[in-house]
Amino acid sequence: MKITGIGSACLDRIHQLEAWPEEDGSTHILSTITQGGGAAATAIVAAKRLGMDTEMIATIGTDEAGAEIRQGLEQEGVDTSCLQCYEGASPHSEIMVSPDGSRTKFVQNNTLPPIVWNEPCRAAIRSSAAIHLDGTRYDNAIAAAEIAAQSRVLISLDGCHMQQDHQKDIRLACMADILIMNARYPMMTTGLSMEKALLFYAEHCQVVITTHGADGCYAVVDQSVVHFPAFPVCAADTTGCGDVFHGAFLTAYLEHQPLEACIAFAQAAAALKSLRPGGRTGIPDRRTVLEFLRDHPDPWILQKND
């Protein structure tokens, strides 16, 4: 089965800080890692490491960063035949990681043209078991969702990037079969409480989840919102953890695992990623995730049995 990602493929420079400085202060950068990033691209890399066939549709520039983005995906075995290259600078981010593993992102606006939906790109979507969107460019995401819907291809959306007109966000989100959002997205887009927002989206989507970092995630199960605690780990860098959650969840879902098992698989993959610096460095393979699940009791089951 193939998963095709549509959205952000960028280059990240990830700086490990000695401490987070006060305003108008300074700090030391202890180390820097440069590697491919982007929400959809990192999710696709995670799915590839976990055993899926993957492809990426995105725009990159003709600069050195664009070559690094392509090379990074190809080294992972991701099909890059639908990457579209334009004159100009590729998207990139500067990411500052605090000693506690939390990160702050400084993202350059993507000024490249939108994706041209030529026949190879359309065929890539039609031949997929699922597409995964990050919504960084609304025009790209809505066009891809429409192509997928016409071919009855499963649509997964990373609900994180929002438009000024939240009706656009709601339209895109309600096209998704799998809607996994960050902590702010449900309330910001609907104006409702978290629980009411999740239940609203559950009227339109097969799966509705919101991720909350170390607090785990909340999912709609049988028309109720259920808390799934995260695996307790000592995180070195949380960059990319949400993206890995998406790639791992979609992998398990396409294998027809129950919702609770999909969540545990995704949370284990994200926890393992957090143990190493960099958005992609720590992404685990399938064997590592399964060994982790074997050796660590599922926090949701422990909570359920209390």
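See the structure above.
Structure report, in brief. (Residues numbered from 1 in each chain as written. Predicted model: local features only at pLDDT ≥ 70, side-chain atom pairs only at ≥ 80, totals over all residues. Heavy atoms only, no water.)

### Some words on the pattern of salt bridges
Side chains that carry opposite charge are capable of pairing whenever their charged atoms lie near each other. What counts is decided by this rule: A pairing counts as a salt bridge when a side-chain nitrogen of Lys or Arg comes within 4 Å of a carboxyl oxygen of Asp or Glu. Buried, partly exposed and exposed residues are distinguished by accessible area as a fraction of the type maximum, computed with a 1.4 Å probe on protein chains only: under 20%, between the cut-offs, and over 50%, respectively.
Per the stated rule, a full pass over the model turns up 10 salt bridges. Across the pair Asp139 and Arg137 runs a salt bridge whose closest N-O atoms are separated by 3.4 Å. Judged by its relative accessible area of 35%, Asp139 is partly exposed. The exposure class assigned to Arg137 is buried, which follows from its relative accessible area of 17%. Its salt-bridge partner being Asp295, residue Arg294 comes within 3.0 Å of it at the nearest N-O pair. Of the residues examined, Arg294 reaches a relative accessible area of 62% and is grouped as exposed.

### A short note on the pairing of strand 7 (residues 103-107)
Which entries qualify depends on this criterion: Should DSSP find at least two bridges between two strands, the strands are regarded as paired. By definition, any uninterrupted DSSP run of H or I lasting at least four residues is a helix, any uninterrupted run of E lasting at least two residues is a strand, and each is numbered from the N terminus.
Two strands pair when backbone bridges link them, and strand 6 (residues 92-97) and strand 7 are joined in this way by five bridges, in the antiparallel orientation. Paired with Ile95 across the two strands is Lys105, which belongs to strand 7. Linking strand 6 back to strand 7 in an antiparallel pair, the connection comprises five residues, with Gly101 at a positive phi of about 95 degrees.

### Section: the pairing of strand 9 (residues 154-159)
Counting buried residues along strand 9, six of its six residues qualify, which places the element largely inside the surrounding structure. Neither face of strand 9 is exposed, since Leu154, Ser156 and Asp158 on one face and Ile155, Leu157 and Gly159 on the opposite face are all buried. Direction of pairing for strand 8 (residues 130-133) relative to strand 9: parallel, over a ladder of four bridges. Bridge assignment links Ile131 to a residue of strand 9, and that residue is Ile155.

### Section: the nonpolar core
Worth spelling out the cut-off: Among the buried residues, those of types Ala, Val, Leu, Ile, Met, Phe, Trp, Tyr and Cys that are joined through side-chain atoms within 4.5 Å form a nonpolar core. Any two residues whose heavy atoms approach within 4.5 Å are treated as being in contact.
Within the largest apolar cluster, 51 residues are counted, with the highest numbers of intra-cluster contacts made by Met56, Leu73, Ile209, Phe245 and Phe249. When residues of this core are assigned to their parent elements, the largest contribution, nine residues, is made by helix 9 (residues 259-273). Beyond its immediate sequence surroundings of up to four residues, Leu73 is in contact with Ala41, Val45, Met56, Val78, Thr80, Leu83 and Arg280. Formed by 34 residues, the second largest nonpolar core is a distinct cluster that contains Ala124, Ala141, Tyr185 and Tyr201.

### Looking at empty space enclosed by the protein
Over the atoms a probe the size of a water molecule is rolled, and this reveals where empty space is left. Threshold: Space inside and on the surface of the protein is sampled on a 1 Å grid over the protein atoms alone, with a cavity defined as a set of points where a 1.4 Å probe fits but cannot get out and a pocket as an open set with protein on both sides within 12 Å along at least 5 of 7 lines; lining residues have an atom within 4 Å of a point. Grid points are joined across faces, edges and corners, and a volume is the space filled by probe spheres set on the points.
This model, assessed by the stated rule, comprises one cavity of 30 Å³ or more. Considered as a void within the structure, the largest cavity measures approximately 40 Å³ in volume. As for the largest cavity, its lining consists of Asp134, Gly135, Tyr138, Leu157, Asp158, Gly159, Cys160, His161, Gln163, Asp169, Leu172 and Tyr185. For the lining of the largest cavity, the secondary structure elements donating two or more residues are strand 9 and helix 5 (166-175). When residues of the lining of the largest cavity are assigned to their parent elements, the largest contribution, three residues, is made by strand 9.

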